[in-house]
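Coordinate analysis (summary)
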Amino acid sequence: MTWVSLFGAAMRALPLILLLALLPLAAEEHPAPVSKVKAQAKVTPAPLAHPAAPAEPGPDTPKAALAELSAGNARFVAGKRVRTLDTSHDAAMRAALVKGQAPFAVVVTCSDSRVPDALLFDQEAGRLFTIREAGNAPDLQGLASAEYAVEHLGSKVIVVMGHTSCGAVKAVREANGKPLPGNLWALQAGMAGLLESTPQDPNEDAAAHIAHLEEANARRQAQALLDRSAILRDLSSADKISVVPALYNLASGKVQFFKAVAAAAPPQAHH
Ligand SMILES: [Zn+2]
């Protein structure tokens, strides 16, 4: 055996040797999160083809749509993304999506760069219809976008998702009613009534108060969608869609879903 052929044989065996050396590491890396997520998940995730089929139809009820978001987030938290990890179907996915879109969920969230909605719900192109504005406080175009998605594209759930460490909420809190510079006053207008609705408890510090405001803002913005839109209100009352407030935790990656909001009772008719 020459040095050249010996070297060649060693190089051929190298990947196998490396693989064998790394296997124990890989096996030990994520044992706890997986079982934890399985134990916590009470939802029934939609069946998942692996790799995900391009332009696979999404869940067709509000409950199933929420379960799919929840399952996707559990995959993200566990470091086990599937739908946004496999790139082998990208070209087929694009080709399928040219023909149209049927996003099963609308995500109304903050523009914050640390809230990558597609990744944290592990959903590829064509599955989420996203409306992003600082403070997840949609303006009129945001509202129109949500109406378009549920009316014309058939989305089944609207998730209004705030997040921890939200700079927009913090800025509005610190301004405390004084106008912010430039066009930032619009953020305050979008969150009008938030500070009054959730005053600081004497026993809580600024960070705890901000955390309360972030959750309250998600709940209030979700309610405001129904209050401002007859289209969303009617679909929600008929159980065709649900509007769900949520909060994304930057540290854990976990999305906490709150109870769906309901349309306020119509005013009593005069007799
Ligand atoms: Zn934010």
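Residues numbered from 1 in each chain as written. Predicted model: local features only at pLDDT ≥ 70, side-chain atom pairs only at ≥ 80, totals over all residues.

**Details of the sheet that holds strand β2 (residues 128-132)**
The strands making up a sheet associate through backbone hydrogen bonding, with each pair oriented either parallel or antiparallel. The mixed open sheet is built from five strands, whose spatial order is β2-β1-β3-β4-β5. Two strands in the sheet have a free side with no partner beyond their single neighbour: β2 and β5 (255-257). Sheet twist, expressed as the average angle between the axes of neighbouring strands with direction ignored, equals 25°. Direction of pairing for strand β3 (residues 157-163) relative to strand β4 (residues 242-248): parallel, over a ladder of seven bridges. Bridging from a neighbouring strand, Val159 pairs with Val244 of β4. In this fold helix α3 (residues 62-77) packs onto β1 (105-109), β3, β4 and β5, with an angle of close to 35° to the strand it touches most, β3. Sheet strands in contact with helix α6 (residues 140-152) are β1, β2 and β3, and its direction is about 165° off that of β1. (Pairing = 2+ DSSP bridges. Helix = DSSP H or I, 4+ residues; strand = E, 2+ residues; numbered from the N terminus. Axes fitted to C-alpha atoms, helices over the stretch in contact; angles between N-to-C directions. Contact = placed C-beta atoms within 7 Å.)

**As for the confidence of the model for the protein**
Predicted confidence across the protein gives a mean pLDDT of 85, with 77% of residues reaching 70 or more. Counted against residues more than four places away or in other chains, residues 14-41, with its pLDDT under 50, gives twelve contacts. (pLDDT = per-residue confidence, 0-100.)

**Considerations on the packing of α6 against helix α11 (residues 230-237)**
It is the contact of α6 with α11, at a shortest axis distance of 9 Å, that shows an interaxial angle of 45°. For the element pair α6 / α11, the angle class is oblique. Where α6 crosses over α11, the handedness of that crossing is left-handed. On α11, the residues that touch Ala146, Glu147, Val150 and Glu151 of α6 are Ile231, Leu232 and Leu235. Grouping the amino acids of the contact of α6 with α11 by side-chain chemistry returns five nonpolar, no polar and two charged. (Parallel < 35°, antiparallel > 145°, perpendicular 65-115°, else oblique. Left-handed = near helix turned anticlockwise from the far one by under 90°. Nonpolar A, V, L, I, M, F, W, Y, C, P; charged D, E, K, R; others polar.)

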